Structures are given as C-alpha cells and as structure tokens.
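So the chains spell out like this:
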Amino acid sequence: MPPLSTPCQSCNNLDMRGHEEGFILKLANIQETCKYCSLLLSLVHHFAPSADNEETKGMLRIDLQHCTATNVEIMSATDDHGSSNTLATLWVYRRLDTQIPKLPTLGALGLLSTRLDSDECFAFIHERIQNCYASHSKCRGSFSTPLPKRVLSIGSTSKDAIKLVEPSGIQAAYIALSHCWGGLQPIKTISSSLAEMQANIEWNDLSRVFQDAITVARRLGIEWIWIDSLCIIQDSKADWEIESAKMCDYYSNAYLTISASSSKNGTIPFLHDRGSQWQTEKFPFSSANGQEVEILARRHTGSSMAQVVEDLSPLASRAWCWQENVLSTRVLHYTQSELIFECRTEVVSEDGAKPRGLYSMGLAQKFCSDGGKERDTYRCWHDLIESYSIRELTFESDKLPAVSGVAKQIQGRTNSVYLAGLWKDNLPMDLCWSVDYVSTNSSPNMQPETYIAPSWCWASVNGALDFVSADQKAPFTSLVTVLDVHVSVSGLNKYGEVQGGYIMLKGMVSEVSINCTDPSDCWSYTVGNDPMTREPIAPDCALCPCEMRSGNSEGEVTLRRAQKGDILVPFEVDLYCVHVGKQVGDNDISFYGMVIARSHLGDGTYVRIGLIQLDDETWFEKKTVEMVVEIR
C-alpha cells in the first residue's frame, strides 16, 4: 500500500496508519477543505447535530481498526478536565462488494434486516449456532441435555398447546429466556395456579416477551423452553431456593438463551420493526477519479457509555441477568440496534460487526477462559464480581442468590469453601476488596437496610467494587493468619442468603486515626494524624460516629456504617488497621490494610469500615502490635 501524501493533520484521512490506537478529534479542528473531515461532519449533523456548537464543545473518538468497521463516538465535553457525555455511537463502513481506494483501511459489513423476525435474521441465527457446534471447542456439548425440573412444552407450531410439565429423565434441546420482569407480570406460576398451568396455558395469557420467545424457539425447531417466572413456583420459598441453585445447570445446558435485552418489561415485544433511528444511513463520498461511492453508517448500542446515556438495554443493568449471561453457552441478544450472537468463543452482530462494551458482552468468554489454574479462577471471580457489582437489584436480599449459580461452578473448579462471596482458600486476598469510587465518580452509599452478609464480605455493601489484581510481577503475599471463619446459610441454597458469620484473624494491627470533614464525600475520608502525611481510605459506605452501648468501653466513641435516617457529621475517631497483605513489584509496593472499628454493641467484636492502600508499610504513626480480632 503506497504511503499517503500530505494527509489531513486533523483526521489523518481516516487512515489507521499512525493512529493504531484511535484518536480524539475536536469538531473545532475540522478542516472544511478536507473531504474526510466533511464526511465526519456529515455524520455529526445527521446523528447528533447538537454536538456542533461552541457551547457543546463537540468531539469525536475515532477507533480505526484495519479492515473492520470504524467505531465513531460523538461526544460533548462537560467540563475543562476531559469529562464528556456520549451523544451517539456509530459503525462506519463500506459495502461488502465495494472497495474504496481513498479509504483503504475502512472495513465492510453486511446489511441489517428491517425486522427482527425476518428470514434473514433466522438464517443468521441458524448459521451461528451450527458454526458454534461444529467448530468451537469451548462451546461444544451435547445437543440434548437433561431438561430442568419444570419446563414449558410448546410444540412446533402455533396450533400446538402450551403447558408446564415435569419431564423426569427426559433429555432434549431446550431454550432458556433471560428477561426483565418489570413492574407488571401478567402471568406467573404460584402454588394455586400450578395445576392450571400444567393443564394448558392460553397464548393470550402470555406476555408479549414470552410470546416472542416461544415464536423464536419454534422457528428454530425447539419444542421446550425454560422461563423462570413460569417454571419456578413464585410463592414457594423452598422451591425458589432449590431451583435458583440449579440455574447454573439450566442456563449452561440450554441449547440457546434468548436475551430480551431491549424489553424493560414483559409488555414490550422484542420481535418488531427496527426503529428508523437504527436503520443504516448512506453518505456520499468522492473516491478515485471523482467517482462517488456510498459510505454507510448506523448507530449501535455496543458502548457502555451509550448504554448509560441512552438507556438502550434495560436487561444489561439487571443483576439477575448477569448470572444468566455468564452461565449460558450461547446467547442471542435482541437489542434495539441489532441482533447479537454471543457464545464462549465469539460475539458477532447480524451484519458481521464485533459489538463492544455491552455490560454483559464477554462475560461468558471470561468465565470459561481462566486458564485452568486455581489462581486464575479466583482472578476470574474477582473480574466477574466487579462487573456484577454495578448492576441493579429490586430486592437487596437477592445479592448473593443472584450469583449463586456462578459460585457453584467456581466451587466445582477450586473445591474451596464458599463464604458469602469469598473463598476460604483465597481469603486474605479476597478480603482486600474496596468500593470503586474512582470509576463511578460516586458518593458513599448507606448500609443496606436488610442484613446481607458479614461486614468483611463485599456483599455487605452497595456500589461498584474493586479487587486486588495480582500477577507474576507483583504476587500477593498474605500478612494475616485466618484462625477461624464461619458463615451461616439461612436457606436451602448453600450459595444463597446468609444470616450471620464471623472471621478471626491473627496478625499485626496498627492504631490509626480516621478523619472525615464531609461523610457524603468519599474523598474527605482520610487516615493519619498529621495533615501533611494523611492517606485516603476507601470507606465501605458512609460512616458515622456512635457511642459504645455496653461493656468496659461504654460511652467510648467508635464508628459504624451509616444507615438510612442517620445524620452525617464530621468526625475524627481512633480505630484499628489489620495488615492483610502486600504486593511487591520491581519498583513499587502496595500494602493493603483493613480498617476495623469496635462494634457499637460492646461485645468485643469488630466490624470492617474500609480499606487503605499504601506504598509504604512503615507509614503507621502509632503503636503496632500482634492481635487476634474477631470481625462480624
């Protein structure tokens, strides 16, 4: 390929050479005489016209990948420090049968169908599934697997009856559905309706999402479908606990999981005409010898930032659906912009694009590619929990049950004891979790209103999480000894809800002063007496001072996690820091300390209130002694 002559200094003629990592282009720097800049400006005017004005300070993030579609993110600056809002995210490409000499690195894509139930869409689904079974070693499995305890028999045509059955001992291919329940559930199985559901379910009694899922299953020649709200008895706690523990098998054994990504509740169908805003648009471009060709562009939902701004995939934000995606071997995502096939080997859109950044995308690949080593499995668990922690739950008590299926599979790989989201054989490192205030730019939450887990478990707090990332260059070294640890499970699912627990640690413990000028601001929490050497602490949630209720320390001030209704005030309180572990690299050190406070109940136990990370383990100003502490 010959070298370019005098490329545009703003856009580099949209050639990847010299911009392999992509680049940012401010609209103020667009060159009016450059036809490549003019093409970009046409995209802005069509998809996000508000970006092109002085107040918006519009800019483009352009990701040029050789011979693939170019990802263009149209953004507006929100401040002078680099923060921005995403207004639209696009694929820009050429036709499969067209070459554009003036854009030698621009990739090609196929065409999107105008309807999600078109013959073209089902041809794509058949092709991807057949290719997956035939050539993906990570995805291969038996076509027929044991059916769940209860499953819907749907037949093969619209004339066939639909009913709930208990197919003991039968093996067959079945489809699972991942969906948002929303506030309205027109039909679900409860104890009093079980017999009726087993006799017959009328088509018109089903929600639109359920109808669409059954339509897809029949078109694919599958006569069984598993839908949680119909196949689990919803008013039976025992049945729910037993069946939720089996979800790892139900989703991983499914021939395909249908993800109704664009439907925020059951009343919104996902098989419909594709909206005009998702249609492919054509833009004229003058190529070699003055010949005019078409550049194609379409919106896509594959950017996590676009997800937040445009709220395009309600399912991507739901915690329960996280597990369903992680466990499934093959998933079909019905998004607003495109139909996406995901398996443990690939993620591909119906037109050949490689989707980017959807909250759930890539979780299945991460789960099955941990390298087979126990240490890699724990790192995989940490990565998965970080992605889970940003999701939403209707009921706080579901936090552990919603990961129980994945936990069951991790336990099968490691044979370690599961402790409310942590693993006994990896405890010191597991204890070094913290709330991620940096990535989310969030304020400390209040403590959950209901009891979820012991304070040393990440499940005891709300918000995005961050775990220690150990590698060969900086391995994690434990500085504590776990003398005893126990968690009491409250139901029949040993990976589900818990009702109590404790951990006893032996190690070096330092006295520290915790200071806070504004408990609603995570950056105002610091540790240390000297203002010149104070270090930040990541609080587990908002904290508030309180007096001990009983014991020898009655009246002494301690800290506790703030609850709804508490008045938050500035404080300075003396607490303790347990030296948990450290990582030593070639040129640096990271020390991790768990900050604990005496329980306000005055029973001699402690509660965790935050984590500190230091680059000098000799930083501590006050007394450091070896202690045994019990943390609840």
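Computed from a predicted structure; not experimentally measured. (Residues numbered from 1 in each chain as written. Predicted model: local features only at pLDDT ≥ 70, side-chain atom pairs only at ≥ 80, totals over all residues. Heavy atoms only, no water.)

Visitor: For this particular structure, what's the right way to read the confidence of the model for the protein?
Guide: When pLDDT is low, close inspection of the predicted coordinates is not appropriate. Averaged over every residue, the pLDDT of the protein is 87; residues scoring 70 or more account for 91%. Scored below 50 in pLDDT, residues 303-312 shows 26 contacts in the model against residues more than four places distant or in partner chains. (pLDDT = per-residue confidence, 0-100. Contact = heavy atoms within 4.5 Å.)

Visitor: Even after reading the chapter, I still don't get the packing of aromatic side chains, so can you show me in this structure?
Guide: Using the criterion set out here, one finds 20 aromatic pairs in the structure. Taking 5.5 Å as the distance between ring centres and 50° as the angle between the ring planes, the aromatic pair formed by Tyr36 and Phe285 counts as tilted. Of the two residues, Tyr36 is situated in helix H1 (residues 35-47) and Phe285 in strand E13 (residues 281-286); the sequence distance between them amounts to 249 residues. Assessed through its relative accessible area of 3%, Phe285 is described here as buried. Summarising the aromatic geometry, the rings of Phe270 and Tyr334 are spaced 4.7 Å apart at their centres and angled 40° between planes, so their arrangement reads as tilted. Residue Phe270 is found in the loop between strand E12 (256-259) and E13, and its partner Tyr334 is found in strand E15 (residues 330-334); the two are separated by 64 residues along the sequence. Considered together, Phe270 and Tyr334 belong to a single accessibility category, that of buried residues. A connected cluster of aromatic rings, assembled from ring pairs, spans Trp381, Tyr418, Trp423 and Tyr495. For the cation-ring pair, Arg608 lies above Trp433, with the distance from its terminal atom to the ring centre recorded as 3.5 Å. (Phe/Tyr/Trp six-rings, centres within 6.5 Å; stacked < 30°, edge-to-face > 60°. Helix = DSSP H or I, 4+ residues; strand = E, 2+ residues; numbered from the N terminus. Buried < 20%, exposed > 50% of the residue type's maximum accessible area, 1.4 Å probe, protein only. Lys NZ or Arg CZ within 6 Å of the ring centre and 35° of its normal.)

Visitor: Could you clarify how one ought to interpret unusual backbone geometry in this entry?
Guide: Of note, the phi angle at Asn12 is positive, near 60°, even though the residue is not glycine. One non-glycine residue, Leu14, adopts positive backbone phi at about 55°. Using a relative accessible area of 13% as the deciding quantity, one classes Leu14 as buried.

Visitor: Can you walk me through empty space enclosed by the protein in this structure?
Guide: Over the atoms, a rolled probe matching the size of one water molecule traces out where space is still vacant. Evaluated as defined, the whole model comprises four cavities of 30 Å³ or more. What the second largest cavity holds in volume is close to 80 Å³. Taken together, Leu14, Leu39, Leu40, Leu43, Ile62, Leu64, Thr70, Val72, Val92, Leu103 and Leu106 form the lining of the second largest cavity. Elements with a contribution of two residues or more to the lining of the second largest cavity: H1 and strand E3 (70-77). By residue number, the principal contributor to the lining of the second largest cavity is H1, which donates three residues. (1 Å grid on protein atoms, 1.4 Å probe; cavity = no way out; pocket = protein on both sides within 12 Å on 5 of 7 lines; lining within 4 Å. Points joined across faces, edges and corners; volume = space filled by probe spheres on them.)

Visitor: How should the pairing of strand E10 (residues 175-178) be read in this particular structure?
Guide: Each regular strand displays side chains that alternate between the two surfaces of the sheet. In E10, alternate side chains face the same way, and those of Ile175 and Leu177 on one face and Ala176 and Ser178 on the other are all buried. Bridge count for E10 against strand E11 (residues 224-226) is two bridges, and the pairing is parallel. When the bridges of E11 are listed, Ala176 appears paired with Trp226. (Pairing = 2+ DSSP bridges.)

Visitor: Which parts of the structure should I look at to understand the pattern of salt bridges?
Guide: Two side chains that carry opposite charge are able to pair once their charged atoms sit near each other. For the structure shown, the criterion picks out 28 salt bridges. A salt bridge links Arg115 to Asp273; the shortest N-O distance between them is 2.9 Å. With Arg115 in the loop between strand E5 (108-109) and helix H2 (119-135) and Asp273 in the loop between E12 and E13, this residue pair connects regions lying 158 residues apart in the sequence. Arg115 gets classed as partly exposed once you look at its relative accessible area, which sits at 29%. A salt bridge links Lys246 to Glu243; the shortest N-O distance between them is 3.3 Å. Bridged by salt links that share partners, the residues Lys149, Arg150, Glu166 and Asp239 form one connected network. (Salt bridge = Lys/Arg side-chain N within 4 Å of Asp/Glu carboxyl O.)

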